[in-house]
Amino acid sequence: MRALLTGNEAIARGAWEAGVLFASAYPGTPSTEILENLARYGEVSAQWAPNEKVALETGIGASLAGARVLVAMKHVGVNVAADPLFTFSYTGVNGGLVLVSADDPGMHSSQNEQDNRHLGAFAKVPILEPADSQEAKDFVGLAFWLSETFDTPVILRITTRVAHGKSVVEMGERKEKGLAPFKVDPGKYVMVPANARQRHRAVEERMQKLREFSEEFSAKRIEWGRERRIGIITSGISYHYAREALGEEASYLKLALINPLPEKTITGFAGEVEELYVLEELDPVIETQVRALGLSVWGKELFSALGELSPELVVAGFRGNGGEDTAPPEGVIPRPPVLCAGCPHRGTFYVLNKLKVVVNGDIGCYALGVAPPLSAMHSIICMGASVSNAYGFQEAFRAAGEEGPEAVAVIGDSTFLHSGIPGLLNVVYNGGRTTTIILDNSTTAMTGHQDHPGTGATLKGDPAPRADLEKICRALGIKDVRTVDAYKLAELEAGIRAALQSEEPSVVIVRRPCVLLKGRGPKGFYEVKRDLCRNCRLCLRLGCPAIEVREEQVWINNTLCNGCSLCEQVCAFNAIVKGGEENE
Amino acid sequence: MNEGKGNILVVGVGGQGTILASKILAEVLLQAGYDVKMAEVHGMAQRGGSVVTQVRFDQRVFSPLIPKGEADYLLAFEKLESLRWLANLRPGGVVIVNDLELPPVSVLTGQAVYPQDIPVKLKDRAGTVKVVPAQKLARECGSIKSQNMVLLGVLAPFLGIGQGEWERAIAQIVPASTVEVNLAAFRAGWEQ
């Protein structure tokens, strides 16, 4: 059966076909849909974990029990899971384990564009890189075979264009693998120094065997062009850009296993062509290794290490005028993303802007609080960083004996449960008085509304115990915990002001479901009473996409308005009223 | 059948339903026997930002991204977005644009002015420009949310695939409760 699948759908299908019994992930663009799709297969226990470290550790447990396991995360998620990964590389697997690292060149929805291919050399694990959905599915099966044959976790590295690109896939059926027998083997699985020293040796031997195997690995291929002047070593989506740009004019060594590299194959290919190029997005990972073989090669001098490649950047690179990103067209106003009309985060940033405090932000939709006119965000680093950033900021002023500006942390419910909790515990432990604002919209919104331990439901849609944010904060030692309604500006402002004045660490939970959650948002819409509006434009400071200026007057677009009523609350002249029959 | 290949850019603002329309488009092309590739964007851009889906069909497709200046069709769910992506259209290509202005925040707050010369600029590059009152047509069909199907309906006749194949795909892909509205919207577009 043939179907048009995204890379993420294909990976889920490949995992199911390979007999995977357990899968875990924390949502993160562009990886999220892998687990969402795997959850549809009854044979697979598929779960959201609170964070990527927990996802991988649970997966390691399931592998030790003998199951085939898939764990998925975005590139920066692998940083969180790096601790178990690096030592799991030493123990090796029982049931095969594949870790999907979904990288985001171009940062469509990420805080950095780190190149996780470096993990191959760093964690000493094999990496497979598919170029389209068919390969994504097929490489999952190959990855499990490699994992069990060479006793190693395997990284399947994809990028946004593979994850979210659709292409045709020939599908297969599931082959049950069951559980490999569990054997007690402390020398292999208990990483105390004496055992780990032995396992390090095993890891180096494994990588040498993989290096030899890579030469005969049939998933790579050479495609000879009409002539052999230009030879391109490439893998992943870059292969398709190269084919698009140069077609039969060049010859291609298309890799599948990108760590370790097939050195003899590369040297042989180089010997057959006049000019050798490496085409890869982001860092010169392959290029550096090709140079180390003593080969003369063109790479990052021609093709940018910044952002994504594209067919036209490949063409420009070969012409020698590439590497530059394409400029936006002239005269076209940018359209950056904005907090939705009715977003329950808006009121918090309106108040924080008004109070002029330093805001340490976190990862989620609320990052959009940085945009004008709300402009209430001063740092964003990584998942969970807000609380520790805010505390450290305050502590520096305290240590210097200076009165610093007020600082707060702003973090979402899912992010708080992911990795905000240790930061908050640290505030209490070290005697800080940081105010932490938890924006609880009852979902993981930015990645497309996934459940988490605080929502009361699992990935499979089963009911689950609901983590109680107030009780968690109190258990960590925060006495000053208050919960306010995100749609009541006065209550919200009073709550934040009181927390800021508190002499002890405080938490303000600002609660309302995400406005995009069906059936859980406010009803109706608001409109401007022309006779009462003084055109003061205070309502524009909310940065709501439903409020616009047309012909020098303020209007509310009633198809966009979600009825949150914040504009009614900020209007000093009662000129904004609930729309509907009575006002028509 | 239009040389048996093509590149289609579907552009709009996050939340307008560009991904669903592209999904139907790609599925119909697959059923027609083409190799098809599609690139879409998820995540932050979907929060009211500029979004684009690229659909390519041919006997064999390599890059899922359309090389700049080689799109045959630009299906724009919003006027400013048609302008943003215009340089990606091949000269003489087809533009289908929703007669809808969604002002970006800088326009909403009076710091920038929504360009008024969009139709002229489109005609400078495109061979065919169709301006479609999709919002009005969708409302008449029962749901303003079905603008995406109206616009898909305007594009569909250009691609040389029968109306029946399109309607079958729509009925399969959209939620069951919205099939009738979406089919009506698609037909309203087809007749434009």
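Because the structure is a prediction, the values reported are computed rather than measured. (Residues numbered from 1 in each chain as written. Chains lettered and ligands numbered in written order. Predicted model: local features only at pLDDT ≥ 70, side-chain atom pairs only at ≥ 80, totals over all residues. Heavy atoms only, no water.)

A.B. asks: Report on the overall build of chain A, specifying residues and quantitative values.
C.D. replies: Assigned secondary structure in chain A consists of 20 helices and 22 strands. When the backbone C-alpha atoms are referred to their principal axes, chain A occupies close to 80 × 60 × 55 Å. Summarising the internal contacts of chain A: among those between residues at least 6 apart in sequence, 74% fall at separations of at least 24. Computed over 60 positive and 72 negative side-chain charges, the inter-centroid distance for chain A is 4 Å. (Helix = DSSP H or I, 4+ residues; strand = E, 2+ residues; numbered from the N terminus. Contact = heavy atoms within 4.5 Å. Lys, Arg positive; Asp, Glu negative; His and termini not counted. Charge placed at Lys NZ, Arg CZ, Asp CG, Glu CD.)

A.B. asks: Describe the domain arrangement of chain A, listing the residues and the values that go with them.
C.D. replies: Looking at the assigned domains, one finds that chain A contains domain 1 (2-216), domain 2 (221-318), domain 3 (346-511) and domain 4 (525-580). The C-alpha-based centres of domain 2 of chain A and domain 3 of chain A are spaced at 46 Å. (Domains from an automatic or database assignment.)

A.B. asks: Residues and numbers for the pattern of salt bridges, please.
C.D. replies: Tallying each qualifying case throughout the model produces 48 salt bridges over all chains. When the shortest N-O distance is used, the salt bridge between E101 of chain B and K79 of chain B registers 3.1 Å. In this pair, E101 of chain B is assigned in the loop between β5 (89-98) and α3 (105-108) and K79 of chain B in helix α2 (residues 79-84), connecting sequence segments 22 residues apart. Residues R168 of chain B and E165 of chain B are paired through a salt bridge, measuring 3.5 Å at the closest nitrogen-oxygen approach. Separated by 3 residues within a single helix, R168 of chain B and E165 of chain B lie in helix α7 (residues 163-173), roughly one turn from each other. Assessed through its relative accessible area of 40%, E165 of chain B is described here as partly exposed. One salt-bridge network, in which partners are shared between bridges, spans D103, D115, R117, E129, R157 and E280 of chain A. (Salt bridge = Lys/Arg side-chain N within 4 Å of Asp/Glu carboxyl O. Buried < 20%, exposed > 50% of the residue type's maximum accessible area, 1.4 Å probe, protein only.)

A.B. asks: Talk me through the sheet that holds strand β3 (residues 45-48) of chain A; I want residue IDs and the actual numbers.
C.D. replies: Residue and element names in this part refer to chain A. A sheet is described by the order of its strands in space; here 7 strands give the open sequence β3-β2-β4-β5-β7-β6-β12, paired in mixed fashion. Edge strands, defined here as strands with exactly one partner in the open sheet, are β3 and β12 (257-259). Alignment of strand β4 (residues 69-74) against strand β5 (residues 97-103), held across 6 bridges, turns out to be parallel. Across the sheet, residue A72 finds its bridge partner in β5, namely V100. (Pairing = 2+ DSSP bridges.)

A.B. asks: Could you give an account of the environment of V69 of chain A, naming the residues involved and the relevant values?
C.D. replies: Residue and element names in this part refer to chain A. Mapping V69 onto the fold places it in strand β4. Residues V69 and A15 lie 54 residues apart in sequence; the distance between their C-alpha atoms is 8.3 Å. If we skip the residues at most four places from it in the chain, V69 touches V20, F22, G59, A62, S63, G96, L97, V98 and F144.

A.B. asks: Requested: an account of the interface of chain A and chain B, with residues and values cited.
C.D. replies: On the chain B side, the residues contacting the 52 residues of chain A number 48 residues. Interface area, chain A with chain B, both sides summed: about 4,200 Å², of which 62% is carbon and sulfur. Contact with chain B buries surface across chain A, with K166, I333 and R335 of chain A losing the most and accounting together for 21% of the total. The tally of links between chain A and chain B comes to 3 salt bridges. When the shortest N-O distance is used, the salt bridge between R335 of chain A and E78 of chain B registers 3.0 Å. Connecting chain A to chain B are 12 residue pairs in polar contact (both at pLDDT 80 or more). Of all the elements in the fold, those that place two or more residues in the side of chain A that touches chain B are β1 (2-6), β8 (165-170), α11 (237-246), α14 (311-319) and β20 (547-550) of chain A. Counting residues per element, the side of chain A that touches chain B draws most heavily on α11 of chain A, which supplies 6 residues. The residue makeup of the side of chain A that touches chain B, split by class, is 29 nonpolar, 13 polar and 10 charged. Bridging between β8 of chain A and strand β2 (residues 35-39) of chain B involves 2 bridges; their strand directions are antiparallel. (Buried area = accessible area lost by both parts, 1.4 Å probe. Polar contact = N/O pair within 3.5 Å; in protein donor to acceptor, adjacent residues only side chain to side chain. Nonpolar A, V, L, I, M, F, W, Y, C, P; charged D, E, K, R; others polar.)

A.B. asks: Can you explain the environment of G423 of chain A? Please cite residues and give values.
C.D. replies: Residue and element names in this part refer to chain A. Looking at the element boundaries, G423 is found in helix α17 (residues 413-429). Its relative accessible area of 6% is what places G423 among the buried residues. Separated by 39 residues in the primary sequence, G423 and G384 have C-alpha atoms spaced 7.3 Å apart. Apart from residues no more than four positions distant in its own chain, G423 is found in contact with V387 and S388.

A.B. asks: Outline the pairing of strand β18 (residues 506-511) of chain A, supporting the account with residue identities and numerical values.
C.D. replies: Residue and element names in this part refer to chain A. For β18, the tally of buried residues reaches 5 of 6 residues, placing the bulk of the element in the interior. Pairing of strand β16 (residues 435-440) with β18, which is carried by 6 bridges, proceeds in the parallel orientation. From the neighbouring strand, I438 faces β18, where its bridge partner is I509. The sheet contact formed by strand β17 (residues 480-485) and β18 spans 6 bridges and is parallel. Bridge pairing in β18 places T483 opposite I509. On the question of chirality, the crossover connecting β17 to the parallel β18 by way of helix α19 (residues 489-501) is right-handed. (Right-handed = clockwise from strand over helix to strand, strands pointing away.)

A.B. asks: Run through the packing of aromatic side chains, naming residues and quoting values.
C.D. replies: All names here are of chain A. What the rule picks out here adds up to 16 aromatic pairs over all chains. Judged by centre distance (4.7 Å) and plane angle (55°), the ring pair of Y277 and F318 falls under tilted. In this pair, Y277 is assigned in strand β13 (residues 275-279) and F318 in helix α14, connecting sequence segments 41 residues apart. Look at Y277 and you get buried, because its relative accessible area is 8%. Between R530 and the ring centre of W555, over which it is positioned, the NZ or CZ distance is 4.3 Å. (Phe/Tyr/Trp six-rings, centres within 6.5 Å; stacked < 30°, edge-to-face > 60°. Lys NZ or Arg CZ within 6 Å of the ring centre and 35° of its normal.)

A.B. asks: Residues and numbers for the side chain of S101 of chain A, please.
C.D. replies: All names here are of chain A. Summarising the element assignment, S101 is placed in strand β5. At 2.9 Å, the side chain of S101 and the side chain of N116 are in polar contact. Once you skip the residues sitting within four places of it in the chain, S101 turns out to touch M73, H75, V78, N116, I155, L156, R157 and I158.

A.B. asks: Break down the nonpolar core for me, with residues and values.
C.D. replies: Residue and element names in this part refer to chain A. Membership of the largest hydrophobic core comes to 68 residues, with the highest contact counts inside it found for F349, L352, V410, I437 and I496. Residues lining this core come from more than one domain, with at least three contributed by each of domain 3 (346-511) and domain 4 (525-580). Core analysis: the next-biggest nonpolar cluster, separate from the first, contains 64 residues, F139, L146, I158 and L210 among them. (Core = buried A, V, L, I, M, F, W, Y, C linked by side-chain atoms within 4.5 Å.)

A.B. asks: Break down the sheet that holds strand β11 (residues 250-254) of chain A for me, with residues and values.
C.D. replies: Residue and element names in this part refer to chain A. Strands sit in the order β9-β11-β10-β13 across an open sheet of 4 strands; the sheet is mixed. Both edges of this open sheet fall to β9 (221-223) and β13, since each of them pairs with a single strand only. In this sheet, adjacent strand axes meet at a mean angle of 20° when their direction is disregarded. In this sheet, β11 lies alongside β9 in antiparallel orientation, the contact comprising 3 bridges. (Axes fitted to C-alpha atoms, helices over the stretch in contact; angles between N-to-C directions.)

A.B. asks: I'd like to hear about the pairing of β3 of chain A, residue by residue, with values.
C.D. replies: Residues and elements named next belong to chain A. Here β3 shows a clear split, with A46 and W48 buried on one side and none of S45 and Q47 buried on the other. Note that strand β2 (residues 22-25) and β3 share 4 bridges and pair parallel. What sits directly across from A25, in β3, is W48. Where the polypeptide runs from β2 across helix α2 (residues 33-38) and back to β3, its parallel neighbour, the crossover connection is right-handed.

A.B. asks: Go over helix α1 (residues 7-17) of chain A with me, naming the residues and quoting the values.
C.D. replies: Buried residues dominate α1 of chain A, accounting for 10 of its 11 residues. Positioned one or two residues after α1 of chain A, G19 of chain A has a phi angle of 85°, which is positive.

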